[in-house]
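Examination of the molecular architecture
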Amino acid sequence: QASRWSANFDGVNDYAQLPPISGVQGLSMWVWIDPQQLQNPNWIVAGKTAVTGRKHRRQLLNEAVFLSTEGAGSAFESLFVDAVAQPLNWTSLPKAKWAHIHLETFTPFDDALALMAASAGSPPSTAGNLRGLVAELYVWSRKLTTRELNGVYQGWDAQANDGSLLAYYNMEEGQISQNYDRLKDVTGQMDDGRLFNGAFFIISVP
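A full pass over the atoms with the stated rule returns 5 salt bridges. A salt bridge links E77 to K143; the shortest N-O distance between them is 2.5 Å. Here E77, found in strand β9 (residues 76-81), pairs with K143, found in the loop between β13 (131-140) and α1 (146-153); they are 66 residues apart in sequence, far enough to count as distant. Residue E77 is classed as partly exposed on the basis of its relative accessible area, which comes to 34%. Note that R194 and D181 form a salt bridge whose closest N and O atoms lie 3.1 Å from each other. Taken together, the residues span a long stretch of sequence, with R194 in strand β16 (residues 193-196) and D181 in the loop between β14 (165-169) and β15 (182-183) at a distance of 13 residues. Put simply, D181, R182 and R194 are held in one network by salt bridges that share partners.

Here's what the structure looks like:
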């Protein structure tokens, strides 16, 4: 059964922080972006210092992993909105409605991603905060097939048999308290993420 909860961000200085995760190549989530933003630019996802490569690890610039009103980082290869491929830019993201967003990178990377704000080191900066909602966040270790992506879009919420689902945050912490500040990875593989500066849970889903 899919979650009934989402995380609410007011666009002032709140954001979500995921733990360090290795081998990330895909992100899936439902988002609702408020057309009336309080800041400019706005960021939906941002890396700190992405690291890629196995035998010879090399550090990428922070700017390589992001999607914002200023553009998309060079690490990202593709964007799907409601399971349909779209140009990799901000204008492809619907506003004032729920949309399923799926991002994939050229190669896997290691990072601790921030959501709904820019990230400029640790902790993330409170610049570029995005006003809106996030629900049903998946982190993948590989690109998804068309069938898999459609399954996630249609509400699939089980763990992938091949272990490619690195983390899944279903926002059910709202049942504990709307002001609970943890994002629990229900796969049990990763540490929990956190909500900062007053972001809270509400019953509101696609």
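Having seen it, we continue.
As a further point, take the pairing of β13. Within β13, 9 of the 10 residues are buried, which leaves the element mostly enclosed by the surrounding structure. Strand direction decides the pairing type here: strand β1 (residues 5-10) and β13, joined by 4 bridges, are antiparallel. Within β13, the residue paired with F9 across the bridge is G132. Across 7 bridges, strand β3 (residues 21-33) lies against β13 in antiparallel orientation. Counted as the bridge partner of W30 is A135 from β13.

Attention now goes to the sheet that holds strand β12 (residues 114-115). The strand order β8-β7-β4-β12-β2-β16-β15 describes an open sheet built from 7 strands, whose pairing is antiparallel. Every interior strand has two partners, whereas the edge strands, β8 (71-72) and β15, have only one. Looking at chain direction, strand β7 (residues 66-68) and β8 are connected through 2 bridges and run antiparallel. Within β8, the position partnered with S68 by the bridge is G71.

Confidence in the prediction for the protein chain averages 86 pLDDT; 84% of positions are at 70 or higher. Confidence scores differ between elements of the protein chain, with strand β6 (residues 58-59) showing the lowest mean pLDDT of 52 and strand β10 (residues 84-86) the highest of 98.

Residue placement: E173 occurs in the loop between β14 and β15. No salt bridge forms around the buried E173; measuring N to O, its nearest opposite-charge neighbour K184 is 7.0 Å away. Among the polar contacts made by the side chain of E173, one reaches the main-chain amide nitrogen of K184 at a distance of 2.3 Å. With residues up to four places along the chain from it excluded, the contact list for E173 reads Y180, R182, L183, K184 and F201.

What counts and what doesn't
Residues numbered from 1 in each chain as written. Predicted model: local features only at pLDDT ≥ 70, side-chain atom pairs only at ≥ 80, totals over all residues. Heavy atoms only, no water. Salt bridge = Lys/Arg side-chain N within 4 Å of Asp/Glu carboxyl O. Helix = DSSP H or I, 4+ residues; strand = E, 2+ residues; numbered from the N terminus. Buried < 20%, exposed > 50% of the residue type's maximum accessible area, 1.4 Å probe, protein only. Pairing = 2+ DSSP bridges. pLDDT = per-residue confidence, 0-100. Lys, Arg positive; Asp, Glu negative; His and termini not counted. Polar contact = N/O pair within 3.5 Å; in protein donor to acceptor, adjacent residues only side chain to side chain. Contact = heavy atoms within 4.5 Å.

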